[in-house]
Amino acid sequence: MNDFSLRQEAQVYGKYFLDKLPNEQTIEIYAQTNPHKTSSTSANDQKIIQFALHHPWSIGFLDAAQALVKSNTELRKRLYFMFAILESRPEYCSLFLPTKRNWLYLFFIFYSGARSIFKAFFGIILLKIITRHGNS
Amino acid sequence: MEILDYVVIGSGCTGAMAAQTLVESGVHVTLLDAGADESKYSSIIPDKDYLSIRKTEQEQYRYLIGDAGEGIAWGGIKTGEHLTPSRKHILKWVDDLLPIESQTFFPMESLAYGGLGCAWGLGCCQFSDVELQAVGLNKSAMQTAYNTIAKRIGICGAQDDASPYTIGELKDFQTAPVMDRNHSLLYQNYQQKKKSFSKHGFYMGRPALALLTQSQENRKAYAYKDMDFYSDNDESAYRPWITINKLKKENNFQYINGLLFIKFKEQTDHIDIHCLEIETNTPKIFHCKKLILATGVLGSARIVLRSFEEQHKTLPILTNAYSYIPCVQPAMFGKEAEKHKLGFAQLSIFHDENGDNMDVAMGSIYSYQSLMLFRIIKEAPLNFADARIIMRYLMSGILIMGLHHPENKSATKYVELIHDMNAITGDKLKINYVLDDLEKNKISAREKKFKSRLRALGAYAIKSINPGSGSSIHYAGSLPMDTSGNLFTTLPNGKLAGTKNIFIADGSGFNYLPAKSLTWSLMANAHLTALNSLKNE
């Protein structure tokens, strides 16, 4: 069922957060921590993960939709692991540590929130299609 | 047959204090302990501040999230799951050796070297005279004991509006640590509105903490490295193992670990102590003249029920209702991370509705930085990528308030020991804990009042998170104190009723559980119990 290795998965999820491939050590740590090990993945979860891995553009939509409707899913868990790993890498710490911003940045914050809500609506439709028709 | 003089069970805050009192009096003391230890991560954490570590250390993921990701908690979170990798040993062996069955109560126990004290938030509060009376403790003896314990562990604090609830009558304490920007702003706002606060029965001030702000003996002054959830490198924060390490150098003290205490049997001239060697699962028996239990309230309940072999006996249990409330202080949004910072509570807020220092609720306020974004990001109903942008911006303005409520006994809160053939000990503790509607309503109303006060200071609550009963990690009252001498009670001198030489040094005897940080009072009571055990009464 799972035709992606842990390392390939790490590349896809890492790219989702970084807009570029994560470095080798990050991929290695993802494989080592292995978020699959405590999983009991349902058939629907499997379909969604396979779709996300084959179509990385969809991850933002699926993540946003699941955050709204059912946040404790297997895809979100794996993304969460990658998030924590990236946060604990010195190369990427500047993406996570608070930094000084002026008040105009608030517009970008509102835009980011609105973007996530838009993605959630599209994602909910996508989730319905995937769970009904598989990952083709 | 070797008969030991004094045996203390457990190396947590109460065990450490009882042992120190006995050792200082000159008697021979043996401390028996499970003693789960941690060296894998603590030995690799560099002696640097959090931000420097984040920016430079390649190995940081090991102690921040764990080699196997054990610091990343996902899904239904059990009490204690949020512990960082270097604190996870606190839970070692607990599921196997201290099994609990409950749908309503989610406690945390520990078999670690230093017990739950390894993750103690360091909050210190003196109970007021009326609270001490309700608990069942002697006022003047406790006042002396508070001073003794403060000298041993080192307490910092301040004289301010909150000091009647925190530092109390303590005269000799170190100065409070410097607040970060987030708390400074909140406190400034409070100073301007304190009249209105006191009119509503609210008082804010610096918490008393078991933290050194000036070096003392081998312990260094706090250096604001913000690594408090990961490391005890400079020993500025008090941990019970600091005391045990010191006692190990004394000739009249011995420490034996790797043991789970099962039960006692009092004979005519000695006490049999039945243990289990944890590594081999083999029984081991010690003998002593006097026994001091410091196994924690649930531990003592288990042991006493087992030892008295009473079937179907239920014991009461007290715990503080607890919730934590993440808040945002918009004036602090978009500020850069602070290099010198304190991970412990920096402000305390008390609600004393009747103005009599009784039935007080307590909020402890923390900033959020070193526990990292990933722990809070899952609370946002957004995709992780966008949530990162937003939460990173908000982070410098995030405050977390942990809110504790006082607790009285009731018939719907009890523990009992039941058979369990799958358990190593052959039994497990079954806990039933149900709050009645009156209690629930009172807690909810109070929570709303706290949120409203924070709003008045410019901090807005995002949500209330209730991790479930027992998650406060404050427990008491399973062997309530009285003078009747009935089985399953504690006498006012700490002796277990129905025994000649067995004493209870933990909070099992407390008849009431104030919401204030309770460890200082537990340690003071343990000291008094140890003193009482030295008398032949």
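How each quantity is defined
Residues numbered from 1 in each chain as written. Chains lettered and ligands numbered in written order. Predicted model: local features only at pLDDT ≥ 70, side-chain atom pairs only at ≥ 80, totals over all residues. Heavy atoms only, no water. Buried < 20%, exposed > 50% of the residue type's maximum accessible area, 1.4 Å probe, protein only. Helix = DSSP H or I, 4+ residues; strand = E, 2+ residues; numbered from the N terminus. Pairing = 2+ DSSP bridges. Contact = heavy atoms within 4.5 Å. Axes fitted to C-alpha atoms, helices over the stretch in contact; angles between N-to-C directions. Buried area = accessible area lost by both parts, 1.4 Å probe. Salt bridge = Lys/Arg side-chain N within 4 Å of Asp/Glu carboxyl O. Polar contact = N/O pair within 3.5 Å; in protein donor to acceptor, adjacent residues only side chain to side chain. Nonpolar A, V, L, I, M, F, W, Y, C, P; charged D, E, K, R; others polar. Domains from an automatic or database assignment. Core = buried A, V, L, I, M, F, W, Y, C linked by side-chain atoms within 4.5 Å. Expected span 1.5 Å × (residues − 1). 1 Å grid on protein atoms, 1.4 Å probe; cavity = no way out; pocket = protein on both sides within 12 Å on 5 of 7 lines; lining within 4 Å. Points joined across faces, edges and corners; volume = space filled by probe spheres on them.

## Some remarks on the pairing of strand β15 (residues 322-328) of chain B
Across a regular strand the side chains alternate sides, sitting on one face of the sheet and then on the other. Residues and elements named next belong to chain B. Taken across its seven residues, β15 has five buried, putting it largely inside the fold. Sheet analysis places β15 next to strand β21 (residues 460-461), joined by two bridges and oriented antiparallel. Across the sheet, Cys327 pairs through a bridge with Ala461, a residue of β21.

## A short note on the sheet that holds strand β3 (residues 100-101) of chain B
All names here are of chain B. Overall, mixed pairing links the four strands, which are arranged β3-β20-β19-β13 in an open sheet. This sheet does not close on itself; its edge strands, each paired only once, are β3 and β13 (314-316). By the bridge criterion, seven bridges tie strand β19 (residues 413-419) to strand β20 (residues 427-433) in an arrangement that is antiparallel. Residue pairing in the sheet places Tyr414 in a bridge with Asn432 of β20. Of the strands in this sheet, β3, β13, β19 and β20 touch helix α9 (residues 297-308), which is tilted by about 50 degrees from β19.

## Focus: the interface of chain A and chain B
Chain A puts 46 residues into the contact, and the matching count from chain B is 42 residues. For the pair chain A and chain B, the summed buried area comes to about 4,000 Å², and 61% of that belongs to carbon and sulfur atoms. Where chain A packs against chain B, one counts one salt bridge. If you look at where chain A meets chain B, you find 18 residue pairs in polar contact (both at pLDDT 80 or more). Elements represented by at least two residues in the side of chain A that touches chain B include exactly α1 (6-18), α2 (24-33), α4 (59-69), α5 (74-87) and α6 (105-133) of chain A. Here the side of chain A that touches chain B is composed, by residue class, of 22 nonpolar, 13 polar and 11 charged.

## Observations regarding the sheet that holds strand β16 (residues 347-351) of chain B
Residues and elements named next belong to chain B. If you trace the six strands from one edge of the open sheet to the other, you get β7-β16-β17-β18-β15-β21, paired in antiparallel fashion. With partners counted over all chains shown, the strands left at the sheet margins are β7 (202-205) and β21, one partner each. The strands touched by helix α12 (residues 437-456) are β7, β15, β16, β17 (361-367), β18 (398-404) and β21; relative to β16, the strand with the most contacts, the crossing angle is about 130 degrees.

## Focus: the domain arrangement of chain B
Residue and element names in this part refer to chain B. Per the domain assignment, the segments making up chain B are domain 1 (4-38 + 107-534) and domain 2 (51-85). Look at where the C-alpha atoms of domain 1 and domain 2 centre, and you get two points 24 Å apart. On the side of domain 2, 17 residues touch domain 1, which itself brings 19 residues to the contact. Together, Met372, Arg375 and Lys378 form the three largest contributors to the area buried by domain 1 at its contact with domain 2, with a combined 33%.

## Here's the deal with the nonpolar core
Grouped burial of nonpolar side chains is what soluble globular proteins tend to show. In terms of nonpolar packing, the biggest core is built from 106 residues, with B:Ile153, B:Phe264, B:Ile273 and B:Leu291 touching the most fellow members. Those residues in contact with B:Leu291, other than ones at most four positions away along the chain, are B:Val7, B:Ile9, B:Phe261, B:Phe264, B:Ile271, B:Ile273, B:Asn501, B:Ile502 and B:Phe503. Formed by 73 residues, the second largest nonpolar core is a distinct cluster that contains A:Tyr16, A:Phe51, A:Leu97 and B:Ile377.

## Topic: helix α11 (residues 384-394) of chain B
Counting buried residues along α11(B), 11 of its 11 residues qualify, which places the element largely inside the surrounding structure. Those residues of α11(B) not exposed but buried are B:Phe384, B:Ala385, B:Asp386, B:Ala387, B:Arg388, B:Ile389, B:Ile390, B:Met391, B:Arg392, B:Tyr393 and B:Leu394. Of the surrounding elements, those touching the buried residues of α11(B) are α1, α4, α5 and α6 of chain A together with α10 (374-377) and β18 of chain B. Capping of α11(B) at its N-terminal end is provided by B:Asn383; its side-chain oxygen lies 3.1 Å from the backbone amide nitrogen of B:Ala385.

## Regarding helix α6 (residues 139-153) of chain B
Residues and elements named next belong to chain B. The end-to-end C-alpha distance of α6 is 21 Å, a good match for the 21 Å that 15 residues give at a rise of 1.5 Å each. Within the sequence span of α6, burial applies to Met142, Gln143, Ala145, Tyr146, Ile149, Ala150, Arg152 and Ile153. Packing partners of the buried residues in α6 comprise α1 (13-25), β4 (123-124), α5 (129-135) and α13 (519-534). Taken from the residues just after α6, Gly154 is the one with a positive phi, measuring 80 degrees.

## Regarding the pairing of β17(B)
Residues and elements named next belong to chain B. Most of β17 sits out of view: six of its seven residues are buried. Judged from the five bridges that link them, β16 and β17 form a sheet pairing that is antiparallel. In the strand pairing of β17, Ile349 is matched with Gly363. Across six bridges, β17 lies against β18 in antiparallel orientation. Note on β18: the bridge partner recorded for Met362 is His404.

## Brief notes about empty space enclosed by the protein
All names here are of chain B. In the structure shown here, the tally under the stated rule is four cavities of 30 Å³ or more. Approximately 170 Å³ is the volume found for the largest cavity. The wall of the largest cavity is formed by 19 residues, among which Met227, Asp228, Ser231, Asn233 and Asp234 lie closest to the centre. When its residues are assigned to classes, the lining of the largest cavity shows eight nonpolar, three polar and eight charged. Taken as a whole, the second largest cavity encloses approximately 80 Å³ of empty space. Along the walls of the second largest cavity sit 14 residues, with Glu338, Lys341, Gln369, Met395 and Ser396 positioned nearest its centre.

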